[in-house]
Amino acid sequence: MVVQIEDSQLVKKYIQGDEKAIEALINRHNSRLTGFIYSKVGDRELTEDIFQDTFMKVIRTLKKGAYNEEGKFLPWVMRIAHNLIIDHFRKHNRMPMYNSKESYNIFSLLGDEKLDAERQLIKEQIDTDLVRMIKELPEDQQEVLEMRIYKDMSFKEISDNTGVSINTALGRMRYALINLRKLVEANSIVLTN
């Protein structure tokens, strides 16, 4: 039976001079940390560089006695890696710029490409489903819905273009949405990503 030593125990052993303890920590978290870094930078060599820089910073912090053990070694290491990724993007002017006085979450700027691709596929499927369902609506409802949603026309403009009153245009839009909801439920379609 193999007993796995807790991260906190390995950290303590390393601080006390056991060099093999840091090696065990690096090996333990190698794939998870490498995967995280690669998902953000998309380059193998850069991933390796940031991985090494991360553990150099970990080692320096541990040797200075500046690490505060709270049973959160891996999240701490991930935060260091994340900060180094941001530093890299800033240094190479690849960081998306955000000019605003409001606060923001940096994680919203660094997306996972796999997730972005997945979201795009879901969005395309939703668009396809919507177009198919809109074609099932009565023609007058289709017309109003397309003018309002896709052409961003006001109800006054819709009224002028279709030759019906504003109230009729509003009514057609309302019925189009009601009928779309019924089609969504009947076809068990999920319209969110």
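Computed from a prediction, not measured in an experiment: that's the story for all the values here.

A. Here's a closer look at the overall build of the protein chain. Counting its regular elements, the protein chain contains 8 helices and 0 strands. The N-to-C order of helical and strand elements in the protein chain reads α-α-α-α-α-α-α-α. A buried classification covers 33% of the 193 residues belonging to the protein chain. Considering only contacts in the protein chain between residues 6 or more positions apart, those separated by 24 or more positions represent 55%. Counting every atom, the protein chain has about 13400 Å² of accessible surface; 50% of that belongs to carbon and sulfur.

B. Spatial organisation of the environment of Thr54. Locating Thr54 in the fold gives a position in helix H3 (residues 44-64). What makes Thr54 buried here is its relative accessible area of 0%. Taking C-alpha positions, Thr54 is 5.4 Å from Ala81, a pair spaced 27 residues apart along the chain. If we skip the residues at most four places from it in the chain, Thr54 touches Leu33, Ile37, Val77, Ile80, Ala81 and Leu84.

C. Quick peek at the pattern of salt bridges. Evaluation of the coordinates by the stated rule reveals 5 salt bridges. Between Arg132 and Glu136 there is a salt bridge, and its shortest N-O distance comes to 3.5 Å. Residue Glu136 is classed as partly exposed on the basis of its relative accessible area, which comes to 45%. Across the pair Arg172 and Asp140 runs a salt bridge, and its minimum N-O distance is 3.4 Å. With Arg172 in helix H8 (residues 166-186) and Asp140 in helix H6 (residues 139-150), the pair connects residues that are 32 residues apart, well separated along the chain. For Asp140, a relative accessible area of 31% puts it in the partly exposed group. Among the charged side chains, a network of salt bridges with common partners joins Asp129, Arg132 and Glu136.

D. The side chain of Ser39, seen in detail. Along the chain, the position of Ser39 falls in helix H2 (residues 19-41). Here Phe36 takes part through its backbone oxygen, which lies 2.7 Å from a polar atom of the side chain of Ser39.

E. Inspection of a negative patch on the surface at higher detail. A cluster of like negative charges, contributed by Asp43, Glu45, Glu48, Asp49 and Asp53, occupies part of the molecular surface. Under the relative-accessibility criterion, Glu48 is labelled partly exposed at 38%.

F. A look at the UniProt feature "domain: RNA polymerase sigma factor 70 region 4 type" (unreviewed entry) in the protein chain. As recorded in UniProt, the sites labelled "domain: RNA polymerase sigma factor 70 region 4 type" (unreviewed entry) are residues 130-168. Taken end to end, residues 130-168 is 74% helix and 0% strand, and its two terminal C-alpha atoms sit 23 Å from one another.

G. Examining the packing of aromatic side chains more closely. Per the counting criterion, the structure on display carries 2 aromatic pairs. Relative to Phe55, the ring of Phe51 has its centre 5.3 Å away and its plane inclined at 50°; by these criteria the two rings are tilted. With a gap of 4 residues between them, Phe51 and Phe55 both fall in helix H3, about one helical turn apart. Judged by relative accessible area, Phe51 falls into the buried class, the value being 8%. Residues Phe73 and Trp76 carry aromatic rings whose centres are separated by 5.9 Å and whose planes lie at 55° to one another, so their mutual orientation is tilted. Residue Phe73 and its partner Trp76 are both found in helix H4 (residues 73-91); the two are separated by 3 residues, about one turn of the helix. The ring of Tyr38 has Arg44 sitting right over it, with the charged end atom 4.1 Å from the ring centre.

H. Examining helix H7 (residues 155-162) more closely. Taken residue by residue, H7 has Phe155, Ile158 and Ser159 as its buried positions. Looking down the long axis of H7, one finds its buried residues gathered within 100° of arc, a one-sided arrangement. Opposite its buried face, H7 presents the exposed residues Asp160 and Asn161, each directed more than 90 degrees away. The secondary structure elements touched by the buried residues of H7 are H6 and H8. Directly after H7, the chain includes Gly163, whose backbone phi takes a positive value near 75°.

Criteria and cut-off values
- Residues numbered from 1 in each chain as written.
- Predicted model: local features only at pLDDT ≥ 70, side-chain atom pairs only at ≥ 80, totals over all residues.
- Heavy atoms only, no water.
- Helix = DSSP H or I, 4+ residues; strand = E, 2+ residues; numbered from the N terminus.
- Buried < 20%, exposed > 50% of the residue type's maximum accessible area, 1.4 Å probe, protein only.
- Contact = heavy atoms within 4.5 Å.
- Areas by Shrake-Rupley, 256 points an atom, 1.4 Å probe, with all protein chains shown as cover.
- Salt bridge = Lys/Arg side-chain N within 4 Å of Asp/Glu carboxyl O.
- Polar contact = N/O pair within 3.5 Å; in protein donor to acceptor, adjacent residues only side chain to side chain.
- Patch = residues over 30% accessible without salt bridge, like charges linked within 9 Å, V, L, I, M, F, W, Y side chains within 5 Å.
- Lys, Arg positive; Asp, Glu negative; His and termini not counted.
- Charge placed at Lys NZ, Arg CZ, Asp CG, Glu CD.
- UniProt positions renumbered as here; feature names shortened; annotations may be inferred.
- Phe/Tyr/Trp six-rings, centres within 6.5 Å; stacked < 30°, edge-to-face > 60°.
- Lys NZ or Arg CZ within 6 Å of the ring centre and 35° of its normal.
- Arc of directions from axis to C-beta.

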